[in-house]
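# Structural overview
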Amino acid sequence: KIYLKDIMYIEYLDRKTILHFSDGKEIITTYPLKYWIDKLKGFSFAQPHKSFIVNFTYIKEFDTIDIILTNKERIPLSRHYKKEFEAEYILNLHKAL
């Protein structure tokens, strides 16, 4: 079983998706990133870059080019995805309150 709350981010690399968990574990799947985007729609996940999906719970901060996670990892924030990502992040903050 995979618990959504434990997924920090999902990375697409070499035609595989890698699920990165908060405990440092990784699971490699053959599903495309689009599969995960569809599965996680409506949950606290968003796509900041063509190769990443991030869980809002683990975002410490973000600036114009990077998202910094609670474990100090950096995820790129693409100009193409930035506007939609920021809107989803703010909406998620409102839901959390």
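Here the structure is shown first, and the text comes after it.
From a predicted model like this one, the values you see are computed outputs, not experimental measurements.

### A word on the sheet that holds strand E7 (residues 66-69)
- With antiparallel pairing, three strands are arranged side by side in an open sheet as E6-E7-E8. Each edge of the open sheet carries a strand with a single partner, namely strand E6 (59-62) and strand E8 (74-76). The mean angle between the axes of side-by-side strands here comes to 25 degrees, regardless of whether they run parallel or antiparallel.
- For E7 and E8, the ladder comprises three bridges, and the chain directions are antiparallel. Across the sheet, residue Ile67 finds its bridge partner in E8, namely Ile75.

### Details of the sheet that holds strand E4 (residues 45-49)
- The strand order across the open sheet formed by five strands is E3-E2-E1-E5-E4, and the pairing between neighbours is antiparallel. Each of the sheet's edge strands pairs with one partner strand only, and the pair in question is strand E3 (26-29) and E4. With direction set aside, neighbouring strand axes in the sheet form an average angle of 20 degrees.
- Of the pairings in the sheet, the one linking strand E1 (residues 7-13) to strand E2 (residues 16-21) comprises six bridges and is antiparallel in character. Bridge pairing links Leu13 to Lys16 in E2.

### Considerations on the pattern of salt bridges
- Inspection of every chain in the model, using the stated rule, returns four salt bridges.
- Put simply, Arg74 and Asp66 hold a salt bridge, and the shortest N to O gap is 3.1 Å.
- Given the relative accessible area of 16%, Asp66 is considered buried.

### Quick look at the pairing of E1
- When you tally the buried positions in E1, you get five out of seven residues, the bulk of the element.
- The hairpin turn running from E1 into E2, its antiparallel successor, is two residues long, and Asp14 in that turn takes a positive phi close to 55 degrees.
- Of the pairings in the sheet, the one linking E1 to strand E5 (residues 52-55) comprises three bridges and is antiparallel in character. When the bridges of E5 are listed, Tyr9 appears paired with Val54.

What counts, and at which threshold
- Residues numbered from 1 in each chain as written.
- Predicted model: local features only at pLDDT ≥ 70, side-chain atom pairs only at ≥ 80, totals over all residues.
- Heavy atoms only, no water.
- Pairing = 2+ DSSP bridges.
- Helix = DSSP H or I, 4+ residues; strand = E, 2+ residues; numbered from the N terminus.
- Axes fitted to C-alpha atoms, helices over the stretch in contact; angles between N-to-C directions.
- Salt bridge = Lys/Arg side-chain N within 4 Å of Asp/Glu carboxyl O.
- Buried < 20%, exposed > 50% of the residue type's maximum accessible area, 1.4 Å probe, protein only.

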